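Take a look at the letters that make up each chain.
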Amino acid sequence: MRVLVTGSAGFIGFHLSQRLLAAGHEVTGLDGLSPYYSVALKEQRHAMLSQYPAFRPLIGQLQDRSSVEAAFADRPKIVFHLGAQAGVRYSIDQPQSYVDANLVGTANILEAVRAQPPQHLLLASSSSVYGMTDGSPSRETDATDRPVSFYAATKKANEAMSHSYARLYDLPTTCLRFFTVYGPWGRPDMALFKFASAILSGAPIDIYGEGRMRRDFTYVADVVDALMALMSKPPETGLKVHPDDSVSPTAPWRVVNIAGGRPVELMRFVAAIEAAAGRKANANFLPMQPGDVTDTSASVELLRALTGALPQTEVEDGVTRFIEWYRAWSAGGGAH
């Protein structure tokens, strides 16, 4: 079937598009190739997708309504809206870019979906909507009214916006709360990319929160497994598949945590990088940064109920695969 993926040159969007194409689907990929991080890296991802005849790339910004309308010209049956301005810390310095891409851009997607309804809209949210937690697993039904970054606030807004459209226009919608996705072809602004680059070159790394943080690290291939399974499971109004189902009583809408539910201490993550790289880190321990949270941990019972499976890749295995990719990618010149 025809699938639209926004953010197709982004980290998760690239991996998802690749899997969809390999499975025989036709994919329209909309991406603005924003300079938030290396445009060359994004172009490399798109070039790999373009090896598939069934891939149709479109370069355009989400906030440009004509670009969004062009992406819907093929009347996609499934829409994965993964494109966004990412990054917690960057949102403190550049909030307007989040208004443009995440708020205006998502409004444009919702209008396009209203005009040409797909079978299922799957929209990227984030674990950051949970804000500061007490360390217990965050459930989809927990309150998410106190974001600690503007990025998180825009993602919470996206969830609310999509619920209103699901309610008003009967649009089956699933919001995806991603938990610290990592793996090959990852984002250079994320910790794994930064740490690996520094450790392999002998440069120091900055570890915030004095290293006393936990993250529910989720390997990208496991994330794509979950998305492929959820694609064919549009929510039905009020129909629960689990006692803690977040499905709306008034709309075909739900939110799902995308994680393995096994949070990892940050220093174990660093140790995995050291082991895979064969080098010790020269670490600078620093205080928490504004907008960051100390702990992310997901309740995954709803994901298990919907898909019958959970992300299983151990962090040591996932990090090793990343280091193998990073070394090969760097040896080939990296992102020129």
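Reading guide: rules and limits
Residues numbered from 1 in each chain as written. Predicted model: local features only at pLDDT ≥ 70, side-chain atom pairs only at ≥ 80, totals over all residues. Heavy atoms only, no water. Buried < 20%, exposed > 50% of the residue type's maximum accessible area, 1.4 Å probe, protein only. Helix = DSSP H or I, 4+ residues; strand = E, 2+ residues; numbered from the N terminus. Right-handed = clockwise from strand over helix to strand, strands pointing away. Pairing = 2+ DSSP bridges. Phe/Tyr/Trp six-rings, centres within 6.5 Å; stacked < 30°, edge-to-face > 60°. Lys NZ or Arg CZ within 6 Å of the ring centre and 35° of its normal. Expected span 1.5 Å × (residues − 1). Salt bridge = Lys/Arg side-chain N within 4 Å of Asp/Glu carboxyl O. Core = buried A, V, L, I, M, F, W, Y, C linked by side-chain atoms within 4.5 Å. Contact = heavy atoms within 4.5 Å. Axes fitted to C-alpha atoms, helices over the stretch in contact; angles between N-to-C directions. Polar contact = N/O pair within 3.5 Å; in protein donor to acceptor, adjacent residues only side chain to side chain. Parallel < 35°, antiparallel > 145°, perpendicular 65-115°, else oblique. Left-handed = near helix turned anticlockwise from the far one by under 90°.

## Topic: the pairing of strand β2 (residues 26-31)
Of all 6 residues that make up β2, 5 are buried, and the element is covered over most of its length. Where the polypeptide runs from strand β1 (residues 2-6) across helix α1 (residues 11-22) and back to β2, its parallel neighbour, the crossover connection is right-handed. In terms of strand pairing, β2 meets strand β3 (residues 55-59) through 5 bridges, oriented parallel. Paired with Val 27 across the two strands is Phe 55, which belongs to β3. In this view, the connection linking β2 to its parallel neighbour β3 by way of helix α2 (residues 39-49) has right-handed handedness.

## A closer look at the packing of aromatic side chains
Evaluated as defined, the whole model comprises 21 aromatic pairs. Between Phe 193 and Tyr 326 the ring centres are 5.4 Å apart and the planes differ by 90 degrees, which places this aromatic pair in the edge-to-face class. Of this pair, Phe 193 sits in helix α7 (residues 191-201) while Tyr 326 sits in helix α11 (residues 315-331), and the two are 133 residues apart along the sequence. Plain terms: the ring middles of Trp 325 and Trp 329 are 5.2 Å apart, the flat faces sit at 20 degrees to each other, and that makes the pair stacked. Here Trp 329 and Trp 325 lie together in helix α11, a separation of 4 residues that amounts to about one turn. Under the relative-accessibility criterion, Trp 329 is labelled buried at 14%. Aromatic ring contacts, followed pair by pair, group Phe 14, Trp 185, Phe 193, Phe 322, Trp 325, Tyr 326 and Trp 329 into a single cluster. Taking NZ or CZ as reference, Lys 42 lies 4.5 Å from the ring centre of Tyr 37, over its face. One residue, Arg 89, lies across the ring of Tyr 208, its end atom 5.1 Å from the ring centre.

## Regarding helix α9 (residues 266-277)
Residues lying three or four places apart along an α-helix face the same way, a consequence of the helix completing one turn every 3.6 residues. For α9, with 12 residues, the first-to-last C-alpha span of 17 Å sits near the 16 Å given by 1.5 Å per residue. Taken together, the buried positions of α9 are occupied by Leu 266, Phe 269, Val 270, Ala 272, Ile 273, Glu 274, Ala 276 and Ala 277. A positive phi of about 75 degrees marks Gly 278, the residue just after α9.

## Let's talk about the pattern of salt bridges
A side chain with one charge may pair with a side chain of the opposite charge, provided their charged atoms come close. Applying the stated criterion to the full structure yields 17 salt bridges. In this structure, Glu 69 engages Arg 65 in a salt bridge whose closest nitrogen and oxygen atoms are separated by 3.7 Å. Residue Glu 69 and its partner Arg 65 are located together in helix α3 (residues 65-71), separated by 4 residues, close to a single helical turn.

## Considerations on the nonpolar core
Grouped together as the largest cluster of nonpolar side chains are 70 residues, with contacts concentrated most on Phe 80, Phe 178 and Val 319. Here Phe 178 is in contact with Ile 12, Leu 82, Ala 124, Ser 125, Ser 126, Ser 127, Val 223, Leu 227 and Ile 258, once residues within four sequence places are set aside. One finds Val 68, Val 79, Tyr 165 and Leu 171 within the second-largest nonpolar core, a separate group that totals 15 residues.

## Let's talk about the sheet that holds β1
On the basis of which strands lie adjacent, the open sheet formed by 7 strands has the order β3-β2-β1-β4-β5-β6-β11 and parallel pairing. In this open sheet, the two strands that pair with only one neighbour each are β3 and β11 (253-258). Ignoring which end each strand starts from, the neighbouring axes of this sheet average 20 degrees apart. Two strands pair when backbone bridges link them, and strand β5 (residues 120-126) and strand β6 (residues 173-178) are joined in this way by 6 bridges, in the parallel orientation. By the bridge assignment for β6, Ser 126 is matched with Phe 178. In this fold α2 packs onto β2 and β3, with an angle of close to 150 degrees to the strand it touches most, β3.

## A word on the environment of Glu 265
Residue placement: Glu 265 occurs in strand β12 (residues 264-265). Taking relative accessible area as the criterion, Glu 265 reaches 43% and is therefore assigned partly exposed. For the pair Glu 265 and Gln 96, spaced 169 residues apart in sequence, the C-alpha to C-alpha distance is 33 Å.

## Digging into the environment of Gly 83
Looking at the element boundaries, Gly 83 is found in the loop between β4 (78-81) and α4 (90-93). Setting aside its immediate chain neighbours within four residues, Gly 83 contacts Thr 6, Gly 7 and Leu 62.

## Points about the side chain of Gln 85
You can see Gln 85 is positioned in the loop between β4 and α4. Using a relative accessible area of 9% as the deciding quantity, one classes Gln 85 as buried.

## Some details on the environment of Asp 189
Position of Asp 189 relative to the elements: it lies in the loop between β7 (181-182) and α7. Through-space distance from the C-alpha of Asp 189 to that of Ser 38 is 9.7 Å; in sequence the pair is 151 residues apart. Not counting residues up to four positions away in its chain, the partners in contact with Asp 189 are Tyr 36, Tyr 37 and Lys 194. There is a polar contact of 2.6 Å between the side chain of Asp 189 and the side chain of Tyr 36.

## Side note on the packing of α1 against helix α8 (residues 220-230)
Between α1 and α8, whose axes approach to 10 Å, the crossing angle comes to 60 degrees. If you check the angle between α1 and α8, you find them oblique. Considering how the two elements wind past one another, α1 and α8 form a crossing that is right-handed. The residues of α8 that touch α1, namely those facing Phe 11, Ile 12, His 15, Leu 16, Arg 19 and Leu 20, are Val 220, Ala 221, Val 223, Val 224, Asp 225, Leu 227 and Met 228.

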